[in-house]
Amino acid sequence: MTEQPDPMIHQPVRLKIMSALKALPDKELLEFVRLKSLVGATEGNLGAHISSLETAGYIEVAKDFHHNRPRTRAKLTRAGRRAFEDYVTFLRSIIGET
Amino acid sequence: MSLSPAEAQSALKDIERTEQRSAASQHHRHSAPYLILWGVMWAIGYAVTASAPTISWTWAPLIAIGAIGSILLARRQSRAQNEGFGWRYFASFAVIAIFINALIAVMGPITYNQMSALIPLVIGVYYALIGLSTRGWRMLPLGLALIALTTIGYFMLPEHFLYWMAGVGGGGLILGGLWLRSA
């Protein structure tokens, strides 16, 4: 069991980003616009946190054009999924669930 | 860095809430194209049979187009993810088709208006149950609205029931699909 919370995930916006992506199947990518709505963050704030999570290797970001418009999508990496699960286990251990 | 049990509980609630919203949004987005596709088929089918009852065979090619379109959508969605959601969704439509045909065989003969009401009523129940049993809650009001509007049209506008169904059945599914897509 993790003794300390993962500092990369232990931040409200990043935690919501990870939670939103965790709810999707492995291969599924979530569009930046939808992520923004789910997380309730501003575009700049979300972009900065996504960049941090990508640098940490927790999420993968794909950029392309869809209907002639730039599109940014993200998904959890295997490492990200595992880190998120560890973080949830850590939280549960605090409230005595595990 | 330490967390109190209250903070941990709050974080777990945040996680659960966000996961539910994300899963519901995904469910709605995947369901949307099916509703739009079948909404168009219904609008054309009901409108054509309302204006020219002798060409009710129009339904056969429309159903075939809808079925092929659904298969293509299911394949595309299955490829985009690891889960078989698309195929399950399509398979459930096949079960409904079997159920409706069995029901007509058992209950028949039924009038054209009765048959035209039966299918949207069954689809309405199906959507409402999806809304209740999955995270795609928007399917519940859609299903209930479909049942209510079909029943209202059947009893209040028997002479123009097929036009009514073209509008509220077909049009309703299209609008419902657009509403799901915006989730």
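Residues numbered from 1 in each chain as written. Chains lettered and ligands numbered in written order. Predicted model: local features only at pLDDT ≥ 70, side-chain atom pairs only at ≥ 80, totals over all residues. Heavy atoms only, no water.

> Is there a simple way to explain the overall build of chain B in this structure?
Looking only at helices and strands, chain B has six helices and zero strands in total. Written out in order from the N terminus, the α and β elements of chain B read α-α-α-α-α-α. Each of the three principal axes of chain B carries a C-alpha extent, and together these read 75 × 35 × 30 Å. Looking at chain B residue by residue over its 183 residues, the buried ones come to 44%. Considering only contacts in chain B between residues 6 or more positions apart, those separated by 24 or more positions represent 68%. Element-wise, carbon and sulfur atoms account for 71% of the exposed surface of chain B, whose accessible area totals about 9,400 Å². If you average the places of the 11 positive and of the 6 negative side-chain charges in chain B, the two averages end up 10 Å apart. (Helix = DSSP H or I, 4+ residues; strand = E, 2+ residues; numbered from the N terminus. Buried < 20%, exposed > 50% of the residue type's maximum accessible area, 1.4 Å probe, protein only. Contact = heavy atoms within 4.5 Å. Areas by Shrake-Rupley, 256 points an atom, 1.4 Å probe, with all protein chains shown as cover. Lys, Arg positive; Asp, Glu negative; His and termini not counted. Charge placed at Lys NZ, Arg CZ, Asp CG, Glu CD.)

> What should I look at first to understand the confidence of the model for chain B in this one?
Close inspection of predicted coordinates is inappropriate in any region flagged by low pLDDT. Residue and element names in this part refer to chain B. On average, chain B scores 88 in pLDDT, and the residues at 70 or more come to 94%. The element-level mean pLDDT for chain B is lowest in helix α3 (residues 85–107), coming to 80, with helix α5 (residues 139–156) highest at 95. Overall fold confidence for the complex sits at a pTM of 0.80, while the interface term, ipTM, reaches 0.87. (pLDDT = per-residue confidence, 0-100.)

> Any chance you could explain helix α1 (residues 5–51) of chain B here in plain terms?
For an α-helix, the turn length of 3.6 residues means that residues three or four places apart are oriented alike. An ideal rise of 1.5 Å per residue puts 69 Å on 47 residues; α1 of chain B measures up with 67 Å between its terminal C-alpha atoms. If you look at α1 of chain B, its biggest bend is around 30 degrees, right at Ser31 of chain B, and the proline Pro33 of chain B turns up within four residues after that. (Expected span 1.5 Å × (residues − 1). Bend = angle between axes of the 7 residues up to and from the residue.)

> How should the confidence of the model for chain A be read in this particular structure?
Averaged over all residues, the pLDDT of chain A equals 90, while 96% of them reach at least 70. Confidence scores differ between elements of chain A, with strand β1 (residues 30–31) of chain A showing the lowest mean pLDDT of 90 and helix α1 (residues 12–22) of chain A the highest of 95.

> How do you make sense of the packing of α5 of chain B against helix α6 (residues 161–181) of chain B when you look at a structure like this?
When two helices pack together, their arrangement is given by the angle between their axes and by how far apart the axes lie. All names here are of chain B. Look at α5 against α6: their axes get within 10 Å of each other, and the N-to-C directions meet at 170 degrees. By the angle between their axes, α5 is roughly antiparallel relative to α6. Contacts between α5 and α6 involve Met139, Pro141, Leu142, Leu146, Leu149, Thr150, Ile152, Gly153 and Tyr154 from the former and Phe161, Trp164, Met165, Val168, Gly169, Leu173, Gly176, Trp179 and Leu180 from the latter. Its residues assigned to classes, the contact of α5 with α6 comprises 14 nonpolar, four polar and no charged. (Axes fitted to C-alpha atoms, helices over the stretch in contact; angles between N-to-C directions. Parallel < 35°, antiparallel > 145°, perpendicular 65-115°, else oblique. Nonpolar A, V, L, I, M, F, W, Y, C, P; charged D, E, K, R; others polar.)

> Can you help me understand the packing of α1 of chain A against helix α2 (residues 32–39) of chain A in this one?
Residues and elements named next belong to chain A. It is at 10 Å that the axes of α1 and α2 come closest, and there the two elements cross at 120 degrees. By the angle between their axes, α1 is oblique relative to α2. In the crossing of α1 with α2, the sense of the turn from one axis to the other is right-handed. Counted together, Val13, Lys16, Ile17, Ala20 and Leu21 of α1 and Leu35, Leu38 and Val39 of α2 form the full contact between these two elements. (Left-handed = near helix turned anticlockwise from the far one by under 90°.)

> Quick question: what am I supposed to make of the pattern of salt bridges here?
Side chains carrying opposite charge are able to pair once their charged atoms draw close together. Applying the stated criterion across every chain, the model contains three salt bridges over all chains. Arg71 of chain A is the partner of Asp64 of chain A in a salt bridge, and the nearest nitrogen-oxygen pair spans 2.9 Å. Here Asp64 of chain A falls in the partly exposed class, since its relative accessible area comes to 28%. Residues Asp14 of chain B and Arg17 of chain B are paired through a salt bridge, measuring 3.1 Å at the closest nitrogen-oxygen approach. Taken as a pair, Asp14 of chain B and Arg17 of chain B lie in helix α1 at a separation of three residues, close to a single helical turn. By relative accessible area, which is 26% here, Asp14 of chain B ends up partly exposed. It is possible to trace a salt-bridge network through shared partners that takes in Asp64, Arg71 and Arg73 of chain A. (Salt bridge = Lys/Arg side-chain N within 4 Å of Asp/Glu carboxyl O.)

> Looking at this structure, I do not really get the nonpolar core. What am I missing?
The nonpolar side chains of a soluble globular protein tend to be buried, and buried together. Counting 33 residues, the largest nonpolar core has Trp42 and Tyr127 of chain B as its most contacted members. Discounting residues that sit within four places of it in the chain, Trp42 of chain B has contacts with Ala47, Trp59, Ile119, Pro120, Ile123, Leu146, Ala166, Gly169, Gly170 and Leu173 of chain B. In this structure, Leu15, Leu38, Ala41 and Ile59 of chain A belong to the second largest nonpolar core, which totals 32 residues. (Core = buried A, V, L, I, M, F, W, Y, C linked by side-chain atoms within 4.5 Å.)

> Would you explain the sheet that holds strand β2 (residues 59–66) of chain A in this entry?
Pairing between the strands of a sheet comes from backbone hydrogen bonds, and it takes one of two forms, parallel or antiparallel. Residues and elements named next belong to chain A. Ordered in space as β1-β3-β2, the three strands form an open sheet in which the pairing is antiparallel. Since the sheet does not close on itself, it has two edges, and those belong to β1 and β2, each with one partner. Taken together, the two bridges between β1 and strand β3 (residues 69–76) define a ladder with antiparallel strand orientation. In the strand pairing of β3, Leu30 is matched with Ala74. (Pairing = 2+ DSSP bridges.)

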